[in-house]
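Spelled out, the chains give:
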Amino acid sequence: MQKIRTFFWPVVIAVAVLLLIFSGALVAMYTDWLWFKNLGFGTVFSTIILTKLKLGLVLGLLFFAVIYGNLWYARRIAPPPSPMGLEAQLIERLGRLARRGIGVVIFGASVIVSFMVGLEAATHWEQWLKFANPVSFGTTDPVFARDISFYVFKLPFLSYIYSWLFFALAVSTIAAIAIHYADEAIETYAGRVQFAPGVKAHIGVLIALMFFLKAWGYRLAMYNVVLSRGSLFDGAGYADMHARVPVLWILLVIAIIGGVLVLLNISRRGITLAATGLIGLVAASILIGSIYPAMVQQFSVTPNEKDKERPYIKRAIAATQQAYGLSEVIAKPFSADTGLTPDQISANNATIENIRLWDKDHLQAAYNQIQTIQQYYHFSDVDVDRYWITDPQTGQKSYRQVWLSARELDQSRLPDRSQTWINQHLQYTHGYGLAMSPVNEVSQEGLPSFLVYDIPPKTTADIATSVPGVYFGEMTDNYVFNKTDAAEFDYPTGEGNKTTNYKGNNGVPVGGFFRKLLFAARMSDLNILLNQNIKSESRIMFRREVTDRIQTLLPFLQFDQDPYLVTAGGKLYWMRDGYTTTDAYPYSKHEGVWGNDINYIRNSVKVVVDAYTGHLDAYIIEKPLKDPIIRSYEKIFPGIFKNISSMPADLRDHTRYPEDLFRIQTMVYARWHYSKKDPDGFYTNSDFWRIPDRADLTGMDSEQANPMEPYYNIMKLPNGDSEEFILMTPYTRAGRKNMVSWICAKCDEPDYGRLVLYQFPENKNVYGPQQIAGRATQDTTISQQLSLWNQQGSKVGSGNLLVIPIESSLLYVMPVYLVSTSTQIPELKRVIVALGDKLSMQPTLEQALADVVGGQVSAPAVVGNATGPKGPARPKASGEVPSLEITRLVNKAASEYEKAEQAQKNGDWAAYGEHIKAMKQALNELKAKSQ
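Residues numbered from 1 in each chain as written. Predicted model: local features only at pLDDT ≥ 70, side-chain atom pairs only at ≥ 80, totals over all residues. Heavy atoms only, no water.

1. What about the overall build of the protein?
Okay, so step 1: A tally of helices and strands in the protein yields 25 helices and 35 strands.
Okay, so step 2: Relative to its full complement of 931 residues, the protein shows a buried share of 52%.
Okay, so step 3: When the accessible area of the protein is evaluated, it comes to approximately 42100 Å², of which 56% is carbon and sulfur surface. (Helix = DSSP H or I, 4+ residues; strand = E, 2+ residues; numbered from the N terminus. Buried < 20%, exposed > 50% of the residue type's maximum accessible area, 1.4 Å probe, protein only. Areas by Shrake-Rupley, 256 points an atom, 1.4 Å probe, with all protein chains shown as cover.)

What follows is the structure, encoded as structure tokens:
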């Protein structure tokens, strides 16, 4: 009984210490489990946690068994101490006690190292799950004829197991030799190594196992040859197939022979055979493993590279195009004519009325100046999409491209006196509604013309917003409670504030005292425990930021950098595209994306998050290409994914080809657009393309130009029947700025995901975006006008220059804005249009089109369509230029007044007088112009 007590209390203390150390992790794990389960993703949480636990325990215990078993055996076969005198016996007894202490140290060290190995092994949970749930690609590699699934699902985990085994054997061998040497089981006499009985066999078996394991490593290395990186292409080339792979076979045989020699050496005196095997393998690795392939590359491949590498280039082109979803690009000719007629403009009216005149940055600034309503609201981003809009006057529906953004609540913008715990977690819990405007419509004041605006939401179209609360968004990075005794702030009114109570059943139930305590510990916030407004039926909503929410629920996927807002059925949703990737597709080119190297990507998941409830649905879409990786995840996490056919129709209408995928594909295709039948063209790089640099009226001389971003557009493709929503980008020739082609991805059914390339004639010079922007800045009329506007109190900004294909010609469009330095509100002032050698800057798109086409066009007059709220009033004038001059004078007078006030505060009366004088002069000029 005494022994049991002696053993019991240290164990209890040890468990208590471990619980104290890991209490934070346990609280986080339990509350995470509640959160995952509440959202219906408990399978993801339990599968990952249990897999980590099993993998860590199994490999950790196996490692402990290997290393401690060998060390225990080494101590067991240690030779007994030799006879000695009384004094020596006393010393020996002390040594025996020390050795017992060493035994405890060995045990403890083995446990610690094994624990660390187990923790590291747990990080390979995804490799193991894919290894256990492979799905065939239906395609084999051209070298070993293995299904691609072997490289994607099997080889990564096999390579890890190889490394784990080699590390375990290496550590065990080194530690065993050290123990044997400390126990005087290994001695050297007359220059020869002597072993105690059993010691040589122990060490020999361990070393032989390492030799045999190395042979397996050479076999795995052969498979990795088809995944190797190269300067010309990735995958096995001539030197790999005719030197490196044969050498690996030779090294494999040498490793096996070396292992046999080590085993034979156990029964012989000395270590000659073992040393021969080791030296032979090392020498062969250097001489034929490294030097020989390098010599073949240098003296055989390099002088005849085009001929030697031709068949392997064909493989690389085919694999790269297949892995990046580029194998089914449809190439069509595009004559790139330099003229358009008024009739052609009229025939493409829907394309013209969807030309983007508002760019993202300037529109976001306008939204935040005129639609935030209160200082604590903010538009963190604006997204482009398409909607069928009904004209309230004619009743006709039209397919329109629009900008829209959620009006989110930014708690950091609350007044200091409102920065209380109750306000932040119980009352100011959500944003409200959205703003939406057509991409091309402008009010009389040069501001956006809104379709949805204000609080409560008002609309000039058939777009309802019956559930405007934004509890989950891009700025909702804190936790809040619903169903509490405290009323939630909903939105401001003229008479005060409108309050509400959350009507959903979402969030994790707070429950009783124990759960309150857990959430208080999780959030490091004692107020959760003390606040009396939080009831047992209250619910806590955390991880409300949609990017974090999606990534946490689906950690095995990559995601597009920008979730976008959708309104459907009166509710607001966030949509985000998910990707499956791998770096193990044979012969495919590796690219650095999201901080990782990948050589395969598919957009196989569309994620939808309800902005009010936070509910998340993940839909599998395998169009236009199948994806075995997502099917593997579907097997691993059953019930998590839905088929795209089950997505509500009003949401599916807003799925679009993702920007990040298109950006990656167009970057890869610029180099890999060659046919596999043209490896010589690829080798000479005779037709290398590139994405043109961003083109606008600013930054033309920048040394660090950014690539042009792809852009969505509604247009009728050449020889198309009707307008459709596409994502497109132009290509220029590498080293030059003239265009050679443009490529688009279709976003609408039934052709969703289809990539179409339009190539220009080889002998035709077509202006690129930067060349058109350069011509605009060099035009004397345009440059003079820009100089006039860039006066004190205002500055000129421009949107990105867009290339708009119409019929067989290219139209170039760039909006010009005037931004007041005092109000920071951008106003659209001019539109620059280019067609062939013609270029014009006019107040409206219609006027600029008429100028370059050479006749009246029946395009929609977008400037002056004043729907929605108006911006700040300004003096009216008969012409645009005088009104701009008036704006400049008003800004100048305001600026001089502010400077005069500052000079007065500083006691600088001389400067004060100068600024007052300048202000009076500006006011006199303003008076004269307004008469």
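Now that the structure is up, let's keep going.
2. Some words on the pattern of salt bridges
Okay, so step 1: Counting across every chain of the model gives 36 salt bridges.
Okay, so step 2: Linked through salt bridges whose partners overlap, the residues forming this network are R656, E659, D660, R663 and E709. (Salt bridge = Lys/Arg side-chain N within 4 Å of Asp/Glu carboxyl O.)

3. Quick word on the pairing of strand β29 (residues 739–746)
Okay, so step 1: When you tally the buried positions in β29, you get 8 out of 8 residues, the bulk of the element.
Okay, so step 2: Bridge count between strand β28 (residues 724–733) and β29: 7 bridges; the pairing is antiparallel. Looking at β29, one finds that I726 is bridged to K746.
Okay, so step 3: In this structure, the hairpin formed by β28 and β29 is closed by a connection of 5 residues, where G735 is found at a positive phi of approximately 85°.
Okay, so step 4: In terms of strand pairing, β29 meets strand β30 (residues 755–759) through 5 bridges, oriented antiparallel. Directly across from S741, in β30, lies its bridge partner Q759. (Pairing = 2+ DSSP bridges.)

4. Concerning the side chain of T567
Okay, so step 1: When you line up the elements, T567 lands in strand β19 (residues 564–568).
Okay, so step 2: Given a relative accessible area of 6%, T567 falls into the buried group.
Okay, so step 3: Here the side chain of T567 touches K571 through a polar contact of 3.5 Å, landing on its backbone oxygen.
Okay, so step 4: Once you skip the residues sitting within four places of it in the chain, T567 turns out to touch Y387, L434, M436, I463, A464, L572 and H654. (Polar contact = N/O pair within 3.5 Å; in protein donor to acceptor, adjacent residues only side chain to side chain. Contact = heavy atoms within 4.5 Å.)

5. Quick look at unusual backbone geometry
Okay, so step 1: In the segment running from I455 into P456, the intervening peptide bond is cis, with an omega of -10°.
Okay, so step 2: For the peptide bond that leads from E749 to P750, omega is 5°, which places it in the cis range.
Okay, so step 3: Positive phi, normally seen in glycine, also occurs at I373, with a value near 70°.
Okay, so step 4: Here I373 is to be found in the loop between α12 (360–370) and β4 (377–378).
Okay, so step 5: Classification of I373 by relative accessible area gives partly exposed; the value is 40%.
Okay, so step 6: The backbone of N719 sits at a positive phi, close to 65°, despite the residue not being glycine.
Okay, so step 7: With respect to the secondary-structure elements, N719 resides in the loop between β27 (711–715) and β28.

6. A closer look at the packing of helix α6 (residues 199–224) against helix α7 (residues 238–265)
Okay, so step 1: Direction vectors running N to C along α6 and α7 enclose 170°, while the axes themselves pass 8 Å from each other. Comparing their axes, α7 and α6 come out roughly antiparallel. Contacts between α6 and α7 involve K200, G204, V205, I207, A208, F211, F212, A215, Y218, R219, A221 and M222 from the first element and L248, W249, L251, L252, A255, I256, G258, G259, V260, V262, L263 and N265 from the second.
Okay, so step 2: A per-class count over the contact of α6 with α7 returns 18 nonpolar, 4 polar and 2 charged. (Axes fitted to C-alpha atoms, helices over the stretch in contact; angles between N-to-C directions. Parallel < 35°, antiparallel > 145°, perpendicular 65-115°, else oblique. Nonpolar A, V, L, I, M, F, W, Y, C, P; charged D, E, K, R; others polar.)

7. Examining the sheet that holds strand β13 (residues 480–482)
Okay, so step 1: Spatial strand order, β13-β17-β16: 3 strands in an open sheet with antiparallel pairing. If you trace the sheet from one side to the other, it starts and ends with β13 and β16 (508–509), each paired once.
Okay, so step 2: Pairing geometry for β13 and strand β17 (residues 539–541), over 3 bridges, is antiparallel. If you follow F481 over to β17, its bridge partner there is I540.

8. Concerning a nonpolar patch on the surface
Okay, so step 1: A cluster of nonpolar side chains, namely V205, L209, F212, I256, V260, L263 and L264, defines an oily patch on the protein surface of about 530 Å² accessible area.
Okay, so step 2: At the level of elements, α6 and α7 are the ones that each hand at least two residues to the nonpolar patch.
Okay, so step 3: It is α7 that provides the largest number of residues to the nonpolar patch, a total of 4 residues.
Okay, so step 4: Classification of L209 as partly exposed rests on a relative accessible area of 41%. (Patch = residues over 30% accessible without salt bridge, like charges linked within 9 Å, V, L, I, M, F, W, Y side chains within 5 Å.)

9. Quick word on the environment of G277
Okay, so step 1: With respect to the secondary-structure elements, G277 resides in helix α8 (residues 272–301).
Okay, so step 2: Every residue in contact with G277, bar those within four places of it in the chain, is listed here: F211, G258 and L261.

10. Considerations on the environment of I598
Okay, so step 1: Turning to its location among the elements, I598 is positioned in strand β22 (residues 596–598).
Okay, so step 2: Here the alpha-carbon distance between I598 and T582, two residues 16 residues apart in the chain, equals 5.4 Å.

11. Concerning the packing of α8 against helix α9 (residues 305–323)
Any two packed helices are characterised by the angle at which their axes cross and by the distance between the axes.
Okay, so step 1: Interhelical geometry of α8 versus α9 gives an angle of 120° and a closest axis separation of 9 Å. The orientation of α8 relative to α9 falls into the category oblique. Contacts from Q297, S300 and V301 of α8 reach α9 at E305, K308 and E309.
Okay, so step 2: Taken together, the residues of the contact of α8 with α9 sort by class into 1 nonpolar, 2 polar and 3 charged.

12. Quick look at the nonpolar core
Okay, so step 1: Residues L554, F641, W742 and L811 are the most contacted members of the largest nonpolar core, which totals 232 residues.
Okay, so step 2: Listed in part, the 17 residues of the second largest apolar core include F63, A121, A175 and I179. (Core = buried A, V, L, I, M, F, W, Y, C linked by side-chain atoms within 4.5 Å.)

13. A closer look at the pairing of strand β24 (residues 616–620)
Okay, so step 1: Of all 5 residues in β24, 5 are buried, a share of seventy percent or more.
Okay, so step 2: Here β24 shows no split at all, with L616, A618 and I620 on one side and D617 and Y619 on the other all buried.
Okay, so step 3: The sheet contact formed by strand β23 (residues 600–610) and β24 spans 5 bridges and is antiparallel. By the bridge assignment for β24, V609 is matched with L616.
Okay, so step 4: Where β23 hands over to β24, the hairpin turn is made up of 5 residues, of which G614 adopts a positive phi near 80°.
Okay, so step 5: Across 3 bridges, β24 lies against strand β25 (residues 641–643) in parallel orientation. Residue pairing across strands places I620 opposite N643, the latter belonging to β25.
Okay, so step 6: One crossover worth recording links β24 to the parallel β25 by way of helix α17 (residues 628–636), and it is right-handed. (Right-handed = clockwise from strand over helix to strand, strands pointing away.)

14. Some remarks on the packing of aromatic side chains
Okay, so step 1: In the structure shown here, the tally under the stated rule is 53 aromatic pairs.
Okay, so step 2: A centroid spacing of 5.8 Å and a plane angle of 90° characterise the contact between F64 and F107, whose relative ring orientation is edge-to-face. Here F64, found in helix α2 (residues 42–76), pairs with F107, found in helix α3 (residues 86–122); they are 43 residues apart in sequence, far enough to count as distant.
Okay, so step 3: The side chain of R671 reaches across the aromatic face of F688, ending 6.0 Å from its centre. (Phe/Tyr/Trp six-rings, centres within 6.5 Å; stacked < 30°, edge-to-face > 60°. Lys NZ or Arg CZ within 6 Å of the ring centre and 35° of its normal.)

15. Structural notes on α17
Okay, so step 1: For α17, the set of buried residues is P628, I629, I630, S632, Y633 and I636.
Okay, so step 2: Two or three places before I629, at the opening of α17, D627 has a side-chain oxygen 3.2 Å from that residue's backbone nitrogen.

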